Amino acid sequence: MPNEGYKPNIPEAFLKAYDSTSEEPAINALWEQSSFANPDTCVEKGITAPDAEAFTIVLPPPNVTGTLHMGHAAMLAIEDILIRYARMQGKRTLWIPGTDSAAIATQSKVEGEIYKKEKKTRYDLGREELLARVAAFAEESKDTIINQVKRMGASLDWSRYAYTLDDTRYKAVMEAFVRMYDAGLIYRGNRIVNWDPKLQTTVSDDEIEYVEQKDPFYYFTYGPFEIGTVRPETKFGDKYVVMHPEDERYAQYKHGDTIDLEWINGPITATIIKDEAADMEFGSGVMTITPAHSGIDFEIAQRHGLDIEQVIDERGILLPIAGEFAGTHIKKARPLIIEKLQSKGLVSRVEENYVHNVATNSRGGGMIEPQIKKQWFIAVNKEFTIPHSEIPGIASGSTTTLKSMMRASVESGAIQIAPDRFEKIYYHWIDNLRDWNISRQIWFGHRIPAWFKGDEVKVQIDSPGTEWAQDEDVLDTWFSSGLWTFSTLGWPEKTEDMRTFHPTSVLETGYDILFFWVARMVLMSGFLTGQVPFRQVYLHGLVRDGQGRKMSKSLGNIIDPLTMIDKYGADATRLSLVVGTQPGNDLKLSEDRVRGYKNFANKIWNISRFVLESCENKNLGAELSETDAKLVDEARAVAAEVGTHIENFRLDLAADAIYHFAWDRFAAEIIEESKAVIKASSSPSEQAAAHSRARMLYESLVIILKTLHPFMPFVTEAIWQKLPHDKDSAILMVARWVR
RNA sequence: GCACCCUUAGCUCAGUUGGUUAGAGCGUUCGAUUCACAUUCGAAAGGUCAUAGGUUCGAAUCCUAUAGGGUGCACCA
């Protein structure tokens, strides 16, 4: 506490309004130079106890496909609040930054740009050249993103920066693949997969996005039956006719009966199959199947051991089975096939405008065409012996499956999900989970460590020799993302970081990637480390525009975080993304919101100036009067309340509480009442009151600055730097939270 | 089709195990301002808490149904 006769020597900059554009870069430089975002530094400098509890968050790594949007800004604001609070609590606090190569998304973006400018495909360029171009793009994009992240004031430990494709992470991915293969959890097999003919790769079930579409629905005469379809081009090979075993309309037909009938390219013999997959309510209750190009049909075919014939190739071209239509693209073939069927009198009716959902690749690809392909899969239902497990309910050395391990992690409470309604959604997803297709037919990513020589296969990290050829495919980007909580800590090496910081404390991300990412981390971490990846999941909502619409280029309603930071400051931007948001609920953001919080930053600035001016020539070591002590306690109580809210992940309530205390109570009432006390100083008792009052104001200000710091780090730190030097910490970022 | 969420002031949202007169920000209107304030301060208007039942001494809050909006999953021959 400064002593008698303290002269605040208020810097000139303080006499004007708070100017975020001049203060923020200086504060950022101060933090960076301190390197207090690195917990090791804090321990070395004696700020954090070496045995202090760890608090870890891994930053969901932004894709290196572009620039930061408001969703990222919200994520950074929320996580930085949690991190700064934990750090001020004296915890060993680590927030790990990173970026994600985002295999398909990045490659397809670069491919698209190359095609636009040079009319060249990846096959024209070749693997090496394309990879170089993608890597260059990723590098540039990465730098942009890092700079944007820093401008938000995010106190990440950049010395631990990780990129999914850097050497350490590459090693982790290879190791993970080999271990899972050796445990029998990764296998290669012919299965029906989601094939994207545009990007020429498979995608996982979760990456599929169903888009509503209107198409004509055709009914054909198929012998004595009527069958329906929107996709006549798949029907060439259909020689099985399926009906429900209990459908009385077709009781006369027995399973295995054959019927001769006239079909697209001439007479065929069809076989009756009775299977419960046929829906009696739909259409005529009878269907033909195309096992090579439909998931359900494939399952039916497998159940009954039926022939499976490919009709359409990888580029969407009809194969010789299509007879005269062979070599034609399915889009062009469809009307021609209808024409032919009509001329043969086989079209019984057409229902125009049939509304149905078609599968598309949500990663910037095209319509999905189911195909049977030899792919790598992770077996989620296969039993295995887990060597080591800290997951409650799963004992080390016991037999389990990945699915039940994922379930146990949440059911046991080892992982808590906020808001908790997402736990149900998580279970539902697990129950419907099928084997995860992890191979992708693109070039950018982690190449699968499998080696072939003739029919022999070896799975190992290093090449077994020159005569062995490596698998051409790369891994699904979520495979490497699934390792993120521990690959960033140096796994598979037994590092000090791994021991200290894993499992991580909180995983904060958008609810839209609960399945893609959160669930996959639970899977990977459970199997490979025997631990849950994090103890708490916090799912934030999506940032939408003022009218609740998604922000998009075509709507022109994008609010760019950098523009907001330039205009109103990072603090105002952060606060606007936190106040009024509850976990799991979308946030409607308008520029007015941001502007409002800029005024608040300025308010804090002015409060501070007033307090410092009031402290001029006052003894801040003076005894506090009873009234003033109560007022300081009031501020302290608010800090405690804010802390409780933060621990409950109610950042909206926390911010609201300190906002109202600072503005409506401290500035509007306490300061107003203090003006007279500070000025009147004729009698000794009045002077004592003035000294006490000044001290109260100063102490309250310190409490407000500390409490507000996680939310508005820049303005609070800027003010802190102008406070007298004998405060409890030279840098507010590592000051101890109010006690 | 199954499940979940939302509906509170003009707008965006709080309202924690049911408990006085339902709150905030923004916006609107009126007034003040040589005062720490690129402003700020004071005041006002504005709500049948979606609708209808029920439980209860008491319901924005719990239960049921309905309507509207949204999301996830499945189906899609």
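The present account deals with the structure reproduced in this document. (Residues numbered from 1 in each chain as written. Chains lettered and ligands numbered in written order. Predicted model: local features only at pLDDT ≥ 70, side-chain atom pairs only at ≥ 80, totals over all residues. Heavy atoms only, no water.)

**Description of the packing of aromatic side chains**
Inspection of the entire model under this criterion finds 29 aromatic pairs. On the basis of an interplanar angle of 45° and a centroid distance of 5.6 Å, the ring pair of Phe236 and Phe325 is categorised as tilted. Of this pair, Phe236 sits in the loop between strand 8 (225-229) and strand 9 (240-243) while Phe325 sits in the loop between helix 8 (295-304) and helix 9 (330-343), and the two are 89 residues apart along the sequence. The two residues Phe236 and Phe325 agree in class, both being buried. Residues Tyr597 and Tyr659 carry aromatic rings whose centres are separated by 5.8 Å and whose planes lie at 75° to one another, so their mutual orientation is edge-to-face. One end of the pair, Tyr597, is in helix 18 (residues 591-614); the other, Tyr659, is in helix 20 (residues 651-679), and 62 residues separate them in sequence. A residue is classified by how much of its surface remains accessible, and Tyr597, at 13% relative accessible area, is buried. (Phe/Tyr/Trp six-rings, centres within 6.5 Å; stacked < 30°, edge-to-face > 60°. Helix = DSSP H or I, 4+ residues; strand = E, 2+ residues; numbered from the N terminus. Buried < 20%, exposed > 50% of the residue type's maximum accessible area, 1.4 Å probe, protein only.)

**Here's the deal with the pairing of strand 11 (residues 266-274)**
Pairing of strand 9 with strand 11 involves 4 bridges; the strand directions are parallel. Note that in strand 11 the partner of Val241 across the bridge is Ile272. Pairing analysis gives 6 bridges linking strand 10 (residues 258-263) to strand 11, with the strands arranged antiparallel. The residue of strand 11 that forms the bridge with Glu262 is Pro267. Here strand 10 hands over to strand 11 after 2 residues, the two strands then running antiparallel side by side. (Pairing = 2+ DSSP bridges.)

**Focus on the layout of surface pockets**
As a volume, the second largest pocket reaches approximately 480 Å³. If you trace the second largest pocket, you find 17 residues lining it, with His388, Trp491, Lys494, Leu528 and Thr529 closest to the centre. At the level of secondary structure, the elements contributing two or more residues to the lining of the second largest pocket comprise helix 14 (496-501) and helix 15 (514-529). Sort the elements by how many residues they give to the lining of the second largest pocket and helix 15 lands first, with 3 residues. Along the lines of polarity and charge, the residues of the lining of the second largest pocket split into 6 nonpolar, 6 polar and 5 charged. (1 Å grid on protein atoms, 1.4 Å probe; cavity = no way out; pocket = protein on both sides within 12 Å on 5 of 7 lines; lining within 4 Å. Points joined across faces, edges and corners; volume = space filled by probe spheres on them. Nonpolar A, V, L, I, M, F, W, Y, C, P; charged D, E, K, R; others polar.)

**Quick look at the protein's contact with RNA strand B**
In the region of RNA strand B, 37 residues are neighbours, and Gly228, Thr229, Met287, Ile296 and Trp663 sit closest. Backbone atoms, meaning sugar and phosphate, form 63% of the atoms of RNA strand B found within 4 Å of the protein. In the model, a base nitrogen of RNA strand B is placed 2.9 Å from a nitrogen or oxygen of the Lys603 side chain. Within the side chain of Arg650, an N or O atom sits 3.0 Å from a phosphate oxygen of RNA strand B. (Near = heavy atom within 4 Å. Polar contact = N/O pair within 3.5 Å; in protein donor to acceptor, adjacent residues only side chain to side chain.)

**Quick word on empty space enclosed by the protein**
Evaluation of the coordinates by the stated rule reveals 3 cavities of 30 Å³ or more. The calculated volume of the largest cavity comes to roughly 90 Å³. Looking at the largest cavity, it is lined by 15 residues, and the ones nearest its centre are Ile78, His540, Gly541, Thr581 and Asn585. Broken down by secondary-structure element, the contributors of at least two residues to the lining of the largest cavity are helix 3 (70-88) and strand 25 (534-540). Partitioning the lining of the largest cavity into residue classes produces 9 nonpolar, 6 polar and no charged. Of the pockets and cavities examined, the second largest cavity occupies roughly 70 Å³. The wall of the second largest cavity is formed by Gly237, Asp238, Lys239, Tyr240, Ile289, Thr290, Pro291, Asp307, Ile308, Glu309 and Val311. Of the residues assigned to the lining of the second largest cavity, the class counts are 5 nonpolar, 2 polar and 4 charged.

**Focus: the pairing of strand 8**
Along strand 8, the buried face is formed by Phe225, Ile227 and Thr229; none of Glu226 and Gly228, which line the opposite face, is buried. Inspection of the sheet shows strand 7 (residues 208-222) paired to strand 8 by 5 bridges, in the antiparallel sense. Residue pairing across strands places Thr221 opposite Glu226, the latter belonging to strand 8. Connecting strand 7 to the antiparallel partner strand 8 that follows it, the hairpin turn spans 2 residues, and Gly223 within it adopts a positive phi of roughly 60°.

**With respect to the environment of Ala26**
As for its position among the elements, Ala26 is in helix 1 (residues 20-34). When its relative accessible area of 46% is taken as the criterion, Ala26 is described as partly exposed. Distance in space between the C-alpha atoms of Ala26 and Met405 is 48 Å, their sequence separation being 379 residues.

**Examining the pattern of salt bridges**
Inspection of the entire model under this criterion finds 48 salt bridges. Residue Arg133 is joined to Glu129 by a salt bridge in which the shortest nitrogen-to-oxygen separation is 3.1 Å. Residue Arg133 and its partner Glu129 are located together in helix 6 (residues 127-151), separated by 4 residues, close to a single helical turn. Among the residues examined, Arg133 registers a relative accessible area of 26% and is labelled partly exposed. Its salt-bridge partner being Asp633, residue Arg636 comes within 2.8 Å of it at the nearest N-O pair. Note that Arg636 and Asp633 are positioned in helix 19 (residues 626-647) at a spacing of 3 residues, about one turn of the helix. (Salt bridge = Lys/Arg side-chain N within 4 Å of Asp/Glu carboxyl O.)

**Describing unusual backbone geometry**
A cis amide bond, omega -5°, links Ala418 with the succeeding residue Pro419. Among the secondary structure elements, Pro419 is positioned in the loop between strand 17 (416-418) and helix 11 (421-431). The phi angle at Ala102 is positive, at roughly 50°, despite the residue not being glycine. The topology assignment puts Ala102 in the loop between strand 3 (98-99) and helix 4 (103-118). By relative accessible area, Ala102 is classed as buried at 5%. Within the chain, Phe649 stands out as a residue other than glycine whose phi angle is a positive 65°. Here Phe649 shows up in the loop between helix 19 and helix 20. Judged by its relative accessible area of 12%, Phe649 is buried.

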